[in-house]
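Chain by chain, the residues:
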Amino acid sequence: NFVSRVSKDNIAFSIASSLELRVNGSFSKKVTVLRICKASAEFFDQDGWSAAAPQHQFPRLEEKLRALAASAYVPIFDLAAPVCQQDRLSRRITTAVLEMPARSGELHISWIRPGHDDLDMQTEVAELWSPDA
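Since the model is a prediction, treat every value here as computed from it, not as a measurement.

**Student:** Hey, could you go over the packing of aromatic side chains for me, with residue numbers and the actual values?
**Tutor:** This structure, assessed with the given rule, holds three aromatic pairs. Ring geometry for Phe-43 and Phe-58: centres 5.2 Å apart, planes at 25°, overall stacked. Here Phe-58 lies in helix α1 (residues 58-71) and Phe-43 lies in strand β6 (residues 42-44), a separation of 15 residues in the sequence. Residues Phe-43 and Phe-58 agree in their burial class; the two are buried. Chaining the aromatic ring pairs together yields one cluster made of Phe-2, Phe-13, Phe-43 and Phe-58.

This is the structure:
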């Protein structure tokens, strides 16, 4: 549990039959994708809803939330700093590329946003398994 430093909502993540996000003890939703931005200390769900953790608590919360997501088989994406600071990831994607480098355990997802050129490509990396496994 933590209080969002932006919205001041009480945020809780838990596992029932899946990873669940609860806001102020009343609103809840299923989390099917978790995106983490270390640069802004924020967690995002599949719909772009964000929870801004207090900076001093972020490392501990991130560790716990990663463990919860992994136990619920929820994919985790680490967001690069430029993506975090833009307009919360557009859903209007024109080109997307999926890559799995051999023996890395990672899935790289790259895309170009509408109206941008190839130099403006954004990338997320999901660690699907440990390369040592």
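**Student:** I'd like to hear about the layout of surface pockets, residue by residue, with values.
**Tutor:** By volume, the second largest pocket is sized at about 170 Å³. In this structure, the second largest pocket is lined by Asn-1, Phe-2, Ile-11, Phe-13, Phe-43, Arg-60, Leu-61, Lys-64, Leu-65 and Leu-68. Elements with a contribution of two residues or more to the lining of the second largest pocket: β2 (10-15) and α1. The biggest single contributor to the lining of the second largest pocket is α1, with five residues. Residues of the lining of the second largest pocket, tallied by class, amount to seven nonpolar, one polar and two charged.

**Student:** How would you sum up the environment of Ala-53? Please name residues and give values.
**Tutor:** Its location among the elements puts Ala-53 in the loop between β7 (50-52) and α1. When neighbours within four sequence positions are excluded, Ala-53 is seen to be in contact with Phe-2, Arg-5, Ala-41, Phe-43, Phe-58 and Leu-61.

**Student:** Describe the confidence of the model for the protein, listing the residues and the values that go with them.
**Tutor:** Confidence in the prediction of the protein, expressed as mean pLDDT, is 79, and 82% of residues score 70 or more. When the elements of the protein are averaged for pLDDT, helix α2 (residues 81-84) gives the smallest value, 57, and α1 the largest, 91. Within the model, the stretch residues 86-93 combines pLDDT values under 50 with 18 contacts to residues more than four positions away or in other chains.

**Student:** A description of the sheet that holds β2 should follow, citing residues and the corresponding values.
**Tutor:** Read from one edge of the open sheet, four strands run β1-β2-β3-β4, paired in antiparallel fashion. Among the strands making up the open sheet, the edge pair consists of β1 (2-3) and β4 (27-30). The pairing of β2 with strand β3 (residues 19-23) spans five bridges and is antiparallel. Residue pairing across strands places Phe-13 opposite Leu-21, the latter belonging to β3.

**Student:** Outline unusual backbone geometry, supporting the account with residue identities and numerical values.
**Tutor:** Of all residues except glycine, most have a negative phi; of all peptide bonds, most are trans. Even without a glycine there, the phi angle at Asn-24 is positive, about 55°. Here Asn-24 shows up in the loop between β3 and β4. In the Ramachandran plot, Tyr-73 falls in the positive-phi region, its phi being about 60° despite a non-glycine side chain. As for its placement among the helices and strands, Tyr-73 is situated in the loop between α1 and β8 (76-79). Residue class for Tyr-73 comes out exposed when judged on its relative accessible area of 75%.

**Student:** Please give an account of a nonpolar patch on the surface that cites residues and values.
**Tutor:** Together, Met-100, Leu-128 and Trp-129 give the surface a local cluster of nonpolar side chains, amounting to about 310 Å² of exposed area. Examined against the element boundaries, Leu-128 turns out to sit in the segment after β11 (122-127). Judged by relative accessible area, Leu-128 falls into the partly exposed class, the value being 41%.

Parameters at a glance
- Residues numbered from 1 in each chain as written.
- Predicted model: local features only at pLDDT ≥ 70, side-chain atom pairs only at ≥ 80, totals over all residues.
- Heavy atoms only, no water.
- Phe/Tyr/Trp six-rings, centres within 6.5 Å; stacked < 30°, edge-to-face > 60°.
- Helix = DSSP H or I, 4+ residues; strand = E, 2+ residues; numbered from the N terminus.
- Buried < 20%, exposed > 50% of the residue type's maximum accessible area, 1.4 Å probe, protein only.
- 1 Å grid on protein atoms, 1.4 Å probe; cavity = no way out; pocket = protein on both sides within 12 Å on 5 of 7 lines; lining within 4 Å.
- Points joined across faces, edges and corners; volume = space filled by probe spheres on them.
- Nonpolar A, V, L, I, M, F, W, Y, C, P; charged D, E, K, R; others polar.
- Contact = heavy atoms within 4.5 Å.
- pLDDT = per-residue confidence, 0-100.
- Pairing = 2+ DSSP bridges.
- Patch = residues over 30% accessible without salt bridge, like charges linked within 9 Å, V, L, I, M, F, W, Y side chains within 5 Å.
- Areas by Shrake-Rupley, 256 points an atom, 1.4 Å probe, with all protein chains shown as cover.
- Salt bridge = Lys/Arg side-chain N within 4 Å of Asp/Glu carboxyl O.

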